[in-house]
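Given next are the chains, with one letter for each unit.
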Amino acid sequence: MTVLYKANMVRGAEWASFFAERAPHLPFRLWPDIGDPSDVRYLVAWVPPDDIATTFPNLELVFSVGAGVDQFDAAKVPLHIPLVRMLEPGIAETMVEYVTMAVLGLHRDLLHFINQQREQVWREIRITPTKRRRVGVMGLGQLGQAVLERLKAFGFPLSGWNRSLREIEGVTCYAGADALPTFLAQSDILVCLLPLTDETRGFLNADLFARLPRGAGLVNVGRGPHLVEADFLAALDSGALSGAVLDVADPEPLPEGHPFWGHPRILLTPHNASMTNPDSAVDFVLDVIARHGRGEALPGLVDRTRGY
């Protein structure tokens, strides 16, 4: 009953150490050392190998090492094999840190000050109180709710938008396409934490930007294909958007000379807003394996019809 890991090999060595300590009875292998493929029962991967069904005939569970599964071709994972996304707390903790940094940076005009420093300009910018800076979060799953909980401490008026309605104390929640314009109209800083699906691809587009308050800020920690680049750059150039913090792009990494690299109103980071912590991730995987063995409901189970 082997666990096979196929992702970052440096962190994979940490996974192996934790498995040896906490589940010595469970063989653990690092790709491409798969051993006997018929022994592999559990696959932990960022991008799974091809021909999963034929290569691993006795596979019982597939785990994504990340919070999302859009990098998977779910059609290659047989329907009878549960697909589980990572819910370990390290992902939420690091995402909360990043989004808080990004929101506060946009709120306190950090991009403007960085540009002023480069130009050797000493000019103050009047501070806007947090109670007058409205923050909206799109995507109210585990990560979105954790972000909103942390942002409450700063006094921002908070709202959230989701496919289905949620109730979150201290947050005005909206759901569905009909409520989207109202939500956007009160989002001075918009945070995208949506999963990437056919419905959300290209979601951050000219129509959406036009519905935000003029001069709004954008934080995209979802996926690069959420963003329509031409519409985004036009919104920055026109002043519809005042600045953006992007942790994701399409493609990744961006090619040399791409306009995002040197744009004065974009802060770009290399898709590391959040990161799976091997220590707590191993505990999560072992818990799911145990629940699966007992026939219980699985946390993080992906709904194939929704894509998350």
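Predicted model, so just to flag it, every value in this text is computed and none were measured.

Below, the discussion takes up the overall build of the chain. Counting secondary structure elements, the chain contains 10 helices and 12 strands. The C-alpha atoms of the chain give 21 Å as radius of gyration, which agrees with the globular expectation for 308 residues (19 Å, within 12%). Along the longest, intermediate and shortest principal axes, the C-alpha atoms of the chain span 65 × 40 × 35 Å. Looking at the chain as a whole, 48% of its 308 residues qualify as buried. Of all intrachain contacts in the chain linking residues separated by at least 6 positions in sequence, the fraction that spans at least 24 positions is 62%. A total of about 15,100 Å² of accessible surface is found on the chain, and carbon and sulfur atoms cover 52% of it.

One can find P264 in the loop between helix 9 (259-262) and strand 12 (266-268). With relative accessibility at 37%, the residue P264 sits in the partly exposed group. Not counting residues within four places of it along the chain, the set of residues in contact with P264 comprises L111 and N115.

Each aromatic ring pair is specified by the distance between its two centres and by the angle formed by the two planes. Going through the model one piece at a time under the given rule, you end up with 8 aromatic pairs. Look at F19 and F28: their rings are 4.7 Å apart centre to centre, the planes differ by 25 degrees, and that puts the pair in the stacked class. With 6.3 Å between their ring centres and 55 degrees between their planes, Y174 and F183 make a pair best called tilted. The pair Y174 / F183 is uniform in exposure class, with both members buried. Ring-pair connections join several aromatic residues into one group, and the members of that group are Y5, W15, F19 and F28. The cationic tip of K6 hangs over the ring face of W31; the distance from NZ or CZ to the ring centre is 5.5 Å.

A few words now on the sheet that holds strand 7 (residues 158-162). Taken in spatial order, the 7 strands make up an open sheet running 8-7-6-9-10-11-12, and their pairing is parallel. Only two strands of the sheet have a single neighbouring strand rather than two, namely strand 8 (172-175) and strand 12. With direction set aside, neighbouring strand axes in the sheet form an average angle of 15 degrees. Pairing of strand 6 (residues 135-138) with strand 9 (residues 189-192), which is carried by 4 bridges, proceeds in the parallel orientation. The residue of strand 9 that forms the bridge with V137 is V191.

Our next topic: the sheet that holds strand 4 (residues 61-64). Working definition: the strands of a sheet are paired by backbone hydrogen bonds and lie parallel or antiparallel to each other. The 5 strands lie next to each other as 2-1-3-4-5, forming an open sheet whose pairing is parallel. At either end of the open sheet lies a strand with only one pairing partner, and these are strand 2 (28-30) and strand 5 (83-84). Packed on one face of the sheet, helix 1 (residues 9-22) meets strand 1 (2-6), strand 2 and strand 3 (40-45) and runs near 170 degrees to strand 2. Contacts between helix 10 (residues 278-294) and the sheet are confined to strand 1, strand 3, strand 4 and strand 5, with strand 4 contributing the most and set at about 155 degrees to the helix.

Take the nonpolar core next. W15, F19, F63, V191, V221 and V285 are the most contacted members of the largest nonpolar core, which totals 52 residues. Ignoring sequence-local partners within four residues, the contact set of V221 consists of M95, Y98, V99, V191, C192, L193, D247 and A273.

A word on the pairing of strand 11 (residues 241-246). The buried count for strand 11 comes to 5 of 6 residues, which makes it a mostly enclosed element. Note that strand 10 (residues 216-220) and strand 11 share 5 bridges and pair parallel. When the sheet's bridge partners are listed, L218 is paired in strand 11 with A244. Regarding the hand of the β-α-β motif, the stretch spanning strand 10, helix 8 (residues 229-238) and strand 11 is right-handed.

Conventions used here
- Residues numbered from 1 in each chain as written.
- Predicted model: local features only at pLDDT ≥ 70, side-chain atom pairs only at ≥ 80, totals over all residues.
- Heavy atoms only, no water.
- Helix = DSSP H or I, 4+ residues; strand = E, 2+ residues; numbered from the N terminus.
- Rg over C-alpha atoms; globule rule 2.2 N^0.38 Å.
- Buried < 20%, exposed > 50% of the residue type's maximum accessible area, 1.4 Å probe, protein only.
- Contact = heavy atoms within 4.5 Å.
- Areas by Shrake-Rupley, 256 points an atom, 1.4 Å probe, with all protein chains shown as cover.
- Phe/Tyr/Trp six-rings, centres within 6.5 Å; stacked < 30°, edge-to-face > 60°.
- Lys NZ or Arg CZ within 6 Å of the ring centre and 35° of its normal.
- Pairing = 2+ DSSP bridges.
- Axes fitted to C-alpha atoms, helices over the stretch in contact; angles between N-to-C directions.
- Core = buried A, V, L, I, M, F, W, Y, C linked by side-chain atoms within 4.5 Å.
- Right-handed = clockwise from strand over helix to strand, strands pointing away.

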